[in-house]
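Next come the chains, spelled out residue by residue.
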Amino acid sequence: MSGTPIPYSIGCDNFILSLFIAGLLGGAYVLLRDGGAIVERVKKMFYYKGQAAPYNARIGISRTGNTILYILLIIYSTIIIFGYLQQRGQLHTFGASYIPFTIFAAMLLVMLVLKRAVYDIVNIVLFSSAQAREWRESYFFTLKLLPFTLLPLVATIILAPTISSIIFTAYLLIVGIMWLIMLFIRCFNIIFNEKSYFLDIFLYLCAIELLPLGLMWRAIHQTNLFLIIKF
């Protein structure tokens, strides 16, 4: 006589827990190896005009550190997607959570690659090559800071899967607002530094940042629905 199946919980998923622990170790390694470079670049993020050379050309992060930060961004973002879908009762792991996890992580990786290509094409057309390069380096450095800001939410999702949806949404909104403010300031300092085209910056970020995020979020929902029907 079989009992009632135990509902899936991220906090009891050894696969995701192992990724989370590996992510903590990877983040600690990056801070130990490149922590000084990261701190110095953060200090100069909001100061651009008047410098003899762009701050991105002064301090570098190791290739290993960059790779780990991108991997952490994908892992943490995928865990947040899992947490969001579980809260809505739409998460189905089919007995093997690595299947949807790998699919969502692959989608995020493709988006990251496409974002690099789109930004390069659009910025080279609209701005000078120096501005395009500086914005690319600044933007992707900002992107690599996201794992550190997302870590508290990821840890909460794993250690306290029953987190309130209000707290979950509020944290993401705060991170999103901070992200847009940082992009707005960098955008103004680097590529719209001749005149105060605030409306142009808003439209630029909506077209090249918010719209792709909205499409990605829609694609995640459709993919999850397809997986539910398929399996």
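Residues numbered from 1 in each chain as written. Predicted model: local features only at pLDDT ≥ 70, side-chain atom pairs only at ≥ 80, totals over all residues. Heavy atoms only, no water.

**Observations regarding the overall build of the protein**
Link 1 in the chain: Looking only at helices and strands, the protein features 6 helices and 0 strands.
Link 2 in the chain: For the protein, the sequential pattern of α-helices and β-strands runs α-α-α-α-α-α.
Link 3 in the chain: Here the protein holds 231 residues, and 43% of them are scored as buried.
Link 4 in the chain: For the protein, the share of sequence-separated contacts (at least 6 apart) that also reach a separation of at least 24 residues comes to 76%.
Link 5 in the chain: Taken as a whole, the protein presents about 12,700 Å² of accessible surface, with 70% of it coming from carbon and sulfur. (Helix = DSSP H or I, 4+ residues; strand = E, 2+ residues; numbered from the N terminus. Buried < 20%, exposed > 50% of the residue type's maximum accessible area, 1.4 Å probe, protein only. Contact = heavy atoms within 4.5 Å. Areas by Shrake-Rupley, 256 points an atom, 1.4 Å probe, with all protein chains shown as cover.)

**So, the environment of L183**
Link 1 in the chain: With respect to the helices and strands, the residue L183 is situated in helix α5 (residues 165–190).
Link 2 in the chain: For the pair formed by L183 and L143, sequence separation is 40 residues and the distance between their alpha carbons is 10.0 Å.
Link 3 in the chain: The residues touching L183, leaving out its near neighbours within four places in the chain, are W135, Y139, L205 and E209.

**A word on the packing of helix α2 (residues 63–87) against helix α3 (residues 98–126)**
Link 1 in the chain: The geometry of α2 relative to α3 is characterised by a closest axis approach of 9 Å and an angle of 125 degrees between their N-to-C directions. Of the possible angle classes, the one that applies to α2 and α3 is oblique. For the pair α2 and α3, the crossing hand works out as right-handed. Judged by residue contacts, Y70, I74, I75, S77, T78, I79, I81, F82 and L85 of α2 engage P100, F101, F104, A105, L108, L109 and L112 from α3.
Link 2 in the chain: Class assignment for the residues of the contact of α2 with α3 results in 14 nonpolar, 2 polar and no charged. (Axes fitted to C-alpha atoms, helices over the stretch in contact; angles between N-to-C directions. Parallel < 35°, antiparallel > 145°, perpendicular 65-115°, else oblique. Left-handed = near helix turned anticlockwise from the far one by under 90°. Nonpolar A, V, L, I, M, F, W, Y, C, P; charged D, E, K, R; others polar.)

**Focus on α2**
Link 1 in the chain: Between its terminal C-alpha atoms α2 stretches 36 Å, which fits the 36 Å expected from 25 residues at 1.5 Å a residue.
Link 2 in the chain: Of all 25 residues making up α2, 18 are buried, and the element is well covered by its neighbours.
Link 3 in the chain: One or two steps after α2, the chain reaches G89, where phi turns positive at roughly 70 degrees. (Expected span 1.5 Å × (residues − 1).)

**Here we look at the pattern of salt bridges**
Link 1 in the chain: Applying the stated criterion across every chain yields a total of 4 salt bridges.
Link 2 in the chain: Note that E209 is salt-bridged to K115, the shortest N-O span being 3.2 Å. You can see E209 sitting in helix α6 (residues 198–230) and its partner K115 sitting in helix α3, a full 94 residues away along the chain.
Link 3 in the chain: Look at K115 and you get buried, because its relative accessible area is 10%.
Link 4 in the chain: Of the charged contacts in the structure, one is a salt bridge between D120 and R136, with a shortest N-O distance of 3.3 Å. Of the two residues, D120 is situated in helix α3 and R136 in helix α4 (residues 129–159); the sequence distance between them amounts to 16 residues.
Link 5 in the chain: Classification of R136 by relative accessible area gives buried; the value is 17%.
Link 6 in the chain: A cluster of three or more residues bridged by salt bridges with shared partners is formed by R116, D120, R136 and E137. (Salt bridge = Lys/Arg side-chain N within 4 Å of Asp/Glu carboxyl O.)

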